[in-house]
Amino acid sequence: MLAMFNAIPETAMNKISLTRRAFVTSASAFGLVGASGLALPYYSRANQRPSFTHGVQSGDIDASSGMVWTRTDRPSRVMFEVSSTESFANATRLAPLDTSSASDYTVKRLLTDLASDQDIFYRMTAADLSDINVVSEPIVGRFRTAPASKRDVRFAWSGDTAGQGWGIDEAGMKTYATIARHTPDFFLHSGDTIYADGVMKDEVDLPGGGKWKNVVLVDEKRKVAQTLDEYRAQWKYNMMDQHVLGLSAICPTFYQWDDHEVVNNWSDSKDLTADDRYSEKSIHVLAARAARAFHEMTTIRYEPSEPGRVYRKIAYGPLLDVFFLDMRSYRGANGPDMEDTLTPKSRMLGEQQTKWLKRELTNSKATWKIIAADMPLGLVVWDDAARKAGAEAVSNGDNGAPKGRELEFADLLRFIKNAGITNTVWLTADVHYTAAHYYNPDKAQFQDFNPFWEFVPGPIHAGTFGPNDLDMTFGPELKFIKAPTAEQGQNLPPSAGLQFFGLVDISGASEQLTVRLMDRDDNELYKVTLDPVRSA
């Protein structure tokens, strides 16, 4: 996998002593960005000067470091400045980094040795490599480092961006702006960050009359992605939306991936022979190109021990650790999922990722352990939805003792119980409706685990579907659901309003964790507060 990435080493910077600044809010993400002068694309419109084409991003922030990203329109030398103040008084200048066509003119780096719990402002300026004296206007972003002591923490999460043909209409990807108004410490994108297989049209006829108009559309979105440049273009399309740009400029995004970053329901068994949309029939070629684009276009950290790795832990202060799973890269082939023994074929996380997760959960000192899963545990997701055949997620739909992929998660849940690991909460998306599940061993076929919650929002900007059936192997109780009615049908457009995200608030005083499920118009649909289990 190493050869597939032009990885940029995580560059160190000098120690910065920072002071606390209040966070400025506004009516929308775009309004906030416009008011503060933070990252807007195409700052420099003079053809002879370099420009930043797709705003800025930050991500994978902890108490002392964080990733930042941008993209230029040509080979450029990008100068970086970092400050604790928006005025950039006494800013620290870092060694410049060059962009090139090899990475589609993207550049990202790790800012290190930052003070904890501080606003960080970063500013980039680009000089044309062919004429180093020709310089762009600057572009600016901000984030706040994680705390070293207990304080209130808020983050948002959702998944599924620009799917099922629903692209950028006149309203734009509105849910991103709604999230920005809550000023979260970070936004967790649970996967399906792009729809590389999601072909778009200029207009879509809506049931009952009317049209959906994709007012922003590029040629690469009129077909499925196959080449590296086409995969890159999927990301750049999303970053043409003002609300996506606005949130990215003021809020770190923590990314994970699922299937649509490559192609629907991909695994080693994916057979594209009969799919006339694809001239490239090798799923392995497509997955390699998609993975490279994913790492080029996001702020995910570079892992030297396994370049291209997605699973990781982000320590966000004494109250919170987030464990990001990769339920896609190491899975056995999709199939009936009815194996009686745990083998590489029946695994989803893979042996190494499972060992890592157990070790990191055991070593975690954080009050809350968020397990960010790109697919739900107890919802049945069919590989072949038309025939209701084959398992795409964890559950196989038989409501019985664990089999197939369920064996791996039964082993994990048993381990969490026996190791005395407390306060685990599972967050996911994927199914394009919102729900809250309480996994109760008293209702389960497999009972050797402690009860826990799983929360499901989404889509953030895609078609709304569902609801899916629950598999009772792990005893999920449905506490809340909002999904299309039978009368509404499936694949509802974002304009129908059934777009969802979640908010998590952790109290620095009580250490309670509150989850709210929200819609894109900022209506609170469901709320529950969880008390932490205290160590003896």
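Predicted model only: the values in this text are computed from it and were never measured. (Residues numbered from 1 in each chain as written. Predicted model: local features only at pLDDT ≥ 70, side-chain atom pairs only at ≥ 80, totals over all residues. Heavy atoms only, no water.)

1. Focus: the overall build of the chain
Helices and strands together make up the secondary structure of the chain, namely seven helices and 25 strands. Expected size for 536 residues packed as a compact globule is a radius of gyration near 24 Å; at 22 Å, the chain falls within 12% of this value. For the chain, the spread of C-alpha atoms along the principal axes amounts to about 70 × 60 × 45 Å. A buried classification covers 61% of the 536 residues belonging to the chain. For the chain, the accessible surface area stands at approximately 19800 Å², while carbon and sulfur atoms represent 49% of it. Where the 58 positive side-chain charges of the chain centre and where its 70 negative ones centre are 4 Å apart. (Helix = DSSP H or I, 4+ residues; strand = E, 2+ residues; numbered from the N terminus. Rg over C-alpha atoms; globule rule 2.2 N^0.38 Å. Buried < 20%, exposed > 50% of the residue type's maximum accessible area, 1.4 Å probe, protein only. Areas by Shrake-Rupley, 256 points an atom, 1.4 Å probe, with all protein chains shown as cover. Lys, Arg positive; Asp, Glu negative; His and termini not counted. Charge placed at Lys NZ, Arg CZ, Asp CG, Glu CD.)

2. What to know about unusual backbone geometry
That bond from Gly458 to Pro459 is cis: its omega, 0°, falls within 30 degrees of zero. Secondary-structure assignment places Pro459 in the loop between β21 (452-456) and β22 (476-482). Omega for the peptide link from Gly466 to Pro467 comes to 0°, which places this bond in the cis form. When you line up the elements, Pro467 lands in the loop between β21 and β22. Despite not being glycine, Gln164 shows a phi value in the positive range, around 60°. When its relative accessible area of 25% is taken as the criterion, Gln164 is described as partly exposed.

3. Here we look at the nonpolar core
Leu320 and Phe455 are the most contacted members of the largest nonpolar core, which has 68 residues in total. Grouped together as the second largest cluster of nonpolar side chains are 35 residues, Tyr311, Leu361, Ala410 and Ala435 included. (Core = buried A, V, L, I, M, F, W, Y, C linked by side-chain atoms within 4.5 Å.)

4. Looking at the packing of helix α6 (residues 351-363) against helix α7 (residues 405-418)
At a minimum axis separation of 11 Å, α6 and α7 run at an interaxial angle of 20°. Between α6 and α7, the angle is such that the two are roughly parallel. Relative to α7, α6 is oriented so that their crossing is right-handed. Seen from α6, the contacting residues are Thr354, Leu357, Lys358, Leu361 and Thr362; seen from α7, they are Glu408, Asp411, Leu412, Phe415 and Ile416. (Axes fitted to C-alpha atoms, helices over the stretch in contact; angles between N-to-C directions. Parallel < 35°, antiparallel > 145°, perpendicular 65-115°, else oblique. Left-handed = near helix turned anticlockwise from the far one by under 90°. Contact = heavy atoms within 4.5 Å.)

5. Some points on helix α5 (residues 283-297)
Between its terminal C-alpha atoms α5 stretches 21 Å, which fits the 21 Å expected from 15 residues at 1.5 Å a residue. The element α5 is largely enclosed, with a buried count of eleven among its 15 residues. Every buried residue of α5 is accounted for by Ile283, Leu286, Ala287, Ala290, Ala291, Arg292, Ala293, Phe294, His295, Glu296 and Met297. (Expected span 1.5 Å × (residues − 1).)

6. Considerations on the environment of His243
With respect to the element layout, His243 can be found in helix α4 (residues 242-250). Expressed as a C-alpha distance, the spacing of His243 and Lys174, which sit 69 residues apart in the sequence, is 6.5 Å. Here Ala171 takes part through its backbone oxygen, which lies 3.0 Å from a polar atom of the side chain of His243. (Polar contact = N/O pair within 3.5 Å; in protein donor to acceptor, adjacent residues only side chain to side chain.)

7. Considerations on the pairing of strand β19 (residues 424-427)
Of the two faces of β19, the one lined by Thr424 and Trp426 and the one lined by Val425 and Leu427 are each fully buried. Across three bridges, β19 lies against β21 in parallel orientation. Paired with Leu427 across the strands is Phe455, a residue of β21. (Pairing = 2+ DSSP bridges.)

8. Considerations on the sheet that holds strand β2 (residues 66-72)
The strand order across the open sheet formed by three strands is β1-β2-β5, and the pairing between neighbours is antiparallel. Of all the strands in the sheet, the pair left with one neighbour each is β1 (52-59) and β5 (106-111). Across this sheet, the average inter-strand angle for adjacent strands is 15°, counted without regard to direction. Taken together, the six bridges between β2 and β5 define a ladder with antiparallel strand orientation. Residue pairing across strands places Trp69 opposite Lys108, the latter belonging to β5. Against the sheet, α5 contacts β1, β2 and β5, and its axis sits at roughly 60° relative to β5.

9. With respect to the pattern of salt bridges
Should the charged atoms of two oppositely charged side chains come close, the side chains can pair. Per the stated rule, a full pass over the model turns up 44 salt bridges. The salt bridge partner of Asp73 is Arg74, with a shortest N-O separation of 3.1 Å. According to the relative accessible area criterion, Arg74 is buried, its value standing at 15%. Asp202 is the salt-bridge partner of Arg222, the closest N and O atoms lying 2.9 Å from each other. Note that Arg222 is positioned in the loop between β12 (211-213) and α3 (228-238) and Asp202 in the loop between β10 (186-189) and β11 (203-205), a separation of 20 residues in sequence. Given a relative accessible area of 36%, Arg222 falls into the partly exposed group. With a relative accessible area of 40%, Asp202 lands in the partly exposed category. Linked by salt bridges that have partners in common, Asp117, Asp119, Arg142, Arg144, Arg151 and Asp185 make up one network. (Salt bridge = Lys/Arg side-chain N within 4 Å of Asp/Glu carboxyl O.)

10. A look at the confidence of the model for the chain
Here the chain shows a mean pLDDT of 92. Residues at 70 or above account for 91%. Scored below 50 in pLDDT, residues 1-37 shows 96 contacts in the model against residues more than four places distant or in partner chains. In the model, residues 39-45 has pLDDT below 50 throughout and makes 28 contacts with residues more than four positions away in sequence or in other chains. (pLDDT = per-residue confidence, 0-100.)

11. Concerning the packing of α3 against α5
Two elements in contact, α3 and α5, have axes separated by 9 Å at closest approach and are oriented at 40°. Here α3 is positioned oblique relative to α5, judged by the angle of their axes. Taken as a pair, α3 and α5 cross one another with a handedness that is right-handed. Residues Leu228, Tyr231, Arg232, Trp235 and Lys236 of α3 pack against Leu286, Arg289, Ala290, Arg292, Ala293, Phe294, Glu296 and Met297 of α5.

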